Amino acid sequence: MFSFDNSYGRLPDRFYTKMAPTPVAKPDWIALNEELAREMGLDVEAMRAAPEVFAGNAVPEGADPLAQLYAGHQFGGWSPQLGDGRAILLGEHVSEGRRWDVQLKGSGPTPYSRMGDGRAALGPVMREYLVSEAMHALGVPTTRALAAVTTGETVLRQEGPLPGGVLTRVASSHIRVGTFQVFAARDDVEGLRILLDHAIARHAPGAEWPMGLLRHVMRAQADLVARWMGLGFIHGVMNTDNMTISGETIDYGPCAFMEAYHPDTVYSSIDQFGRYAWKAQPDIALWNLAQLATALLPLMGEREAAVAEATEVLEGFRDLYAEAWSRVMTAKIGTDDMALAMELLAIMAEDQGDFTNTFRALTVAPDTARDQVTSRERLDDWIARWQAKGPDVEAMRRANPAVIPRNHRVEEAISAAYRDDLAPFHALRAVLADPWEETEANAAYRRPAAPDEAVTRTFCGT
Ligand code: AMP
Ligand code: MG
């Protein structure tokens, strides 16, 4: 089914634990991502006939299943050993010169499961499927969802017993900042060296050794986080184990798209102090990159000079981010006047403008933008000055989506699935695949949550 070439599995055995997924009672389809399957050169019919592969009940030919080791800072606190506690990397599928990690998530316990059961509830599987695919359609680098299945088993969560699911996640790799950290923390300089070679070969071929990798990740993350910010996306759990070297968004646990704009917005129930609030994300990205730099220090020779060099490289992040953010906002308002852009955000923050709909209204019918906020005069004044700049409204339509995965819609799809009704999930999936046009089909999905529908808290999906 796949054309596997498992380069990670050829790394030394302290990088992972080789083991097969744990079979489930009764695999059944929720969704197969045919568009992605075709992009990967896979046989959709063969996949469709084999849900057991995507549940972990049958290991496809050529796979070299393993759970990856990593560590990480979670909410700023150091966790010396994390790793795939509920995921198994089946292998790396190669097609037309591209390489994809194919990973099952929710596939049973591993040596890294700690207190967890190694399983995933159906809700978080569906959330990751919907939101990661929406991010892709919105032009944001991300891990992808190739398949989702039910297990016929129940998992016990805070809410009680829930149906289980397995997600097939595809990524250009699953190497994280935390993968470097685990070897650094163990003083395993040889392991670090091997990982760095592997990561450079995969993600930054030809990059200078070792700082070229840091520079590469800095650029990719500056671009990524600026894109998140431009969509009102709040990742919610930017721990160092949830930051990829590839620059792809990973881990759709407590993530959420902001509705009424405010820079301090937080959704995650476990983020008590707003560490991962919308506005904090660029600073947290830099904090995480500093942890990557720290992990690379043992490869850089004499300590003091290494620290000085790494610090200098990291200082470049401010400019990288400012450039990326300015690219994003220039596209959003169709003119490169950043002061004007910031003024708009300030008005929206004060007047509760829906993040998505205020920008979109400007691109479709500026006169209606004022309906998005509580104080029309201030926005009217802004619109007049903005129009005087001659913004390219046509181009703005590709930077301001009509539809995003609104939290209440995602929750609605999940709760319907818990009642055995997958229709809302499939309807939402179809709508999110084409976010750049107003259509009849997506009209109801463009509306912000009514007060009684609003989701104000999200939970770490496991
Ligand atoms: P996350 O919050 O998804 O980034 O996960 C943090 C760590 O907890 C990772 O090492 C996961 O593999 C592990 N983990 C999360 N949920 C489970 C679970 N249900 N069973 C085992 N390990 C888990
Ligand atoms: Mg994670």
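Residue indices follow the written sequence of each chain, beginning from 1 at its first position. Throughout, the order in which chains and ligands are written sets their labels, letters from A for the former and numbers from 1 for the latter. Reporting of local features is limited, given that this is a predicted model, to residues whose pLDDT is at least 70; pairs of side-chain atoms are given and counted only at 80 or more, and all residues count toward the totals for whole chains, interfaces and linings. The side-chain figures draw on all heavy atoms in the structure; neither hydrogens nor water molecules are used.

Draft legend 1. Molecular detail of the overall build of the protein chain. By definition, any uninterrupted DSSP run of H or I lasting at least four residues is a helix, any uninterrupted run of E lasting at least two residues is a strand, and each is numbered from the N terminus. On a plain count of helices and strands, the protein chain comes out with 18 helices and twelve strands. For the protein chain, the C-alpha radius of gyration of 22 Å lies close to 23 Å, the compact-globule estimate for 462 residues. Considering only C-alpha atoms, the protein chain reaches an extent of 65 × 60 × 45 Å along its principal axes. The contacts of the protein chain with a sequence gap of at least 6 include a subset with a gap of at least 24, amounting to 71%. The protein chains shown are the only cover counted for residues, whose accessible areas, like all others here, come from Shrake-Rupley with a 1.4 Å probe. Split by element, the accessible area of the protein chain, about 18000 Å² in all, is 51% carbon and sulfur. Neither His nor the chain ends is counted toward charge; the positive residues are Lys and Arg and the negative residues Asp and Glu. Charge positions come from single atoms, namely NZ of Lys, CZ of Arg, CG of Asp or CD of Glu. A gap of 1 Å separates the mean positions of the 44 positive and 63 negative side-chain charges of the protein chain. Here the globule rule is a power law, 2.2 Å times the number of residues to the power 0.38, and the radius of gyration is based on C-alpha atoms. Contacts are residue-level and defined by heavy atoms, with any inter-residue pair within 4.5 Å sufficient.

Draft legend 2. Representation of the side chain of H93 within the structure. Among the structural elements, H93 can be located in strand β6 (residues 87–95). Here a polar contact is taken to be a pair of N or O atoms separated by no more than 3.5 Å, where protein atoms must pair a possible hydrogen donor with a possible acceptor and residues adjacent in sequence count only if both atoms sit in side chains. Among the polar contacts listed, one links the side chain of H93 to the backbone nitrogen of S3, at a separation of 2.9 Å. At a separation of 2.7 Å, a polar atom in the side chain of H93 contacts the main-chain carbonyl oxygen of M40. If we skip the residues at most four places from it in the chain, H93 touches F2, S3, F4, M40, L42, R98, R99, W100 and V102.

Draft legend 3. Layout of helix α7 (residues 211–231). Every helix has an expected span of 1.5 Å times one less than the residues it contains. When the terminal C-alpha atoms of α7 are compared, their 31 Å separation across 21 residues agrees well with the 30 Å that a helix rising 1.5 Å per residue should span. Partly exposed residues are those whose accessible area sits between 20% and 50% of the maximum for their type, while under 20% is buried and over 50% is exposed, using a 1.4 Å probe and protein chains only. Of all 21 residues in α7, 17 are buried; the element is thus mostly enclosed. Two residues or fewer after α7 comes G232, characterised by a positive phi angle close to 70°.

Draft legend 4. Inspection of the pairing of strand β7 (residues 98–105) at higher detail. With six of eight residues buried, β7 is to be regarded as a mostly interior element. In this analysis, strands are considered paired if DSSP registers two or more bridges between them. Of the pairings in the sheet, the one linking β6 to β7 comprises eight bridges and is antiparallel in character. Residue pairing in the sheet places E92 in a bridge with D101 of β7. What sits between β6 and β7 in their antiparallel hairpin is a turn of two residues, with E96 showing a positive phi close to 45°. The pairing of β7 with strand β10 (residues 160–171) spans five bridges and is classified as antiparallel. By the bridge assignment, V102 is partnered in β10 with V170.

Draft legend 5. Expanded view of the site of ligand 1. By convention in these notes, a residue is near a molecule or strand provided one of its non-hydrogen atoms lies within 4 Å of it. By nearness alone, 18 residues border ligand 1, and G83, G85, R86, G118 and D251 come closest of all. In this structure, an oxygen atom belonging to ligand 1 sits 2.7 Å away from a main-chain N or O atom of G85. For ligand 1, an oxygen atom lies 2.8 Å from a polar atom in the side chain of D251. A total of 490 Å² of accessible area belongs to ligand 1 in isolation, and the protein chains cover 88% of it. By the convention adopted, Pro, Cys, Tyr, Trp, Phe, Met, Ile, Leu, Val and Ala count as nonpolar, Lys, Arg, Asp and Glu as charged, and the other residues, Gly among them, as polar. Classifying every residue of the shell around ligand 1 by side-chain character gives two nonpolar, eight polar and eight charged. What counts as a domain boundary in this text is fixed by an automatic or database domain assignment. Two domains each provide a minimum of three residues to the shell around ligand 1, namely domain 1 (8–171) and domain 2 (175–400).

Draft legend 6. A look at the coordination of the magnesium ion (ligand 2). Bound to the magnesium ion (ligand 2) are the protein donor atoms N242 (OD1) and D251 (OD), situated 2.1 to 2.4 Å from the metal. Using a relative accessible area of 9% as the deciding quantity, one classes N242 as buried. For D251, a relative accessible area of 15% corresponds to the buried category. Donors, by definition, are the N, O and S atoms found within 2.8 Å of a metal, the threshold being 3.2 Å for Na, K and Ca, and water is not counted, so a site can look incomplete.

Draft legend 7. Highlighting helix α4 (residues 122–137). Compared with the 22 Å implied by 1.5 Å per residue over 16 residues, the 23 Å span of α4 between its first and last C-alpha is a close match. Where burial is concerned, most of α4 is hidden: 14 out of the 16 residues are buried. Looking one or two places after α4, you find G139, whose phi comes out positive at around 85°.

Draft legend 8. Representation of the domain arrangement of the protein chain within the structure. Assigned domains within the protein chain: domain 1 (8–171) and domain 2 (175–400). One C-alpha centre belongs to domain 1, the other to domain 2; they are set 26 Å apart. Across the contact, 34 residues belong to domain 1 and 41 residues belong to domain 2. By definition, the buried area sums, over both parts, the 1.4 Å-probe accessible area that each loses when the two are put together. In total, domain 1 and domain 2 occlude about 3100 Å² of area from one another, counting both sides; carbon and sulfur atoms represent 62% of this. Three residues, Y70, H73 and F75, lead the burial of domain 1 against domain 2; their summed loss comes to 21% of the area buried on that side. Here, a salt bridge means any Lys or Arg side-chain nitrogen found within 4 Å of an Asp or Glu carboxyl oxygen. Residues R202 and E92 are paired through a salt bridge, measuring 3.7 Å at the closest nitrogen-oxygen approach. For the pair domain 1 and domain 2, the number of links is twelve residue pairs in polar contact (both at pLDDT 80 or more). Broken down by secondary-structure element, the contributors of at least two residues to the side of domain 1 that touches domain 2 are β4 (72–74), β7, α4 and β10. Examining the composition of the side of domain 1 that touches domain 2, we find that five residues originate from one element, α4, more than from any other. Its residues assigned to classes, the side of domain 1 that touches domain 2 shows 17 nonpolar, nine polar and eight charged.

Draft legend 9. Representation of the environment of F4. Relative to the helices and strands, F4 is located in the segment before β1 (16–18). For F4, a relative accessible area of 16% puts it in the buried group. It is 48 Å that separates the C-alpha atoms of F4 and G353, two residues lying 349 residues apart in sequence. The contact partners of F4, leaving out residues within four places of it in the chain, are P60, E61, G62, A63, L90, G91, E92, H93 and V102.

Draft legend 10. Structural view of the nonpolar core. Remark: nonpolar core denotes a set of buried residues (Ala, Val, Leu, Ile, Met, Phe, Trp, Tyr, Cys) joined through side-chain atoms within 4.5 Å. In terms of nonpolar packing, the biggest core is built from 118 residues, with Y8, F180, L214, I245 and W382 touching the most fellow members. Ranked by residue count, the leading element in this core is α7, at twelve residues. Counting only domains with at least three residues in this core, you end up with domain 1 (8–171) and domain 2 (175–400). Once residues lying within four places of it in the same chain are set aside, the contact partners of I245 are I175, R176, V177, F180, A199, H203, L213, H216, V217 and L292. L36, A37, V53 and A55 belong to the second-largest nonpolar core, a separate cluster that totals 25 residues.

Draft legend 11. Expanded view of the pairing of strand β9 (residues 144–157). Relative to β9, strand β2 (residues 28–32) is paired through four bridges, and the arrangement is antiparallel. Bridging across to β9, D28 finds its partner in T150. As judged from the ten bridges shared by β9 and β10, these two strands associate in the antiparallel manner. Each residue of the ladder has a partner; that of T150, found in β10, is G165.

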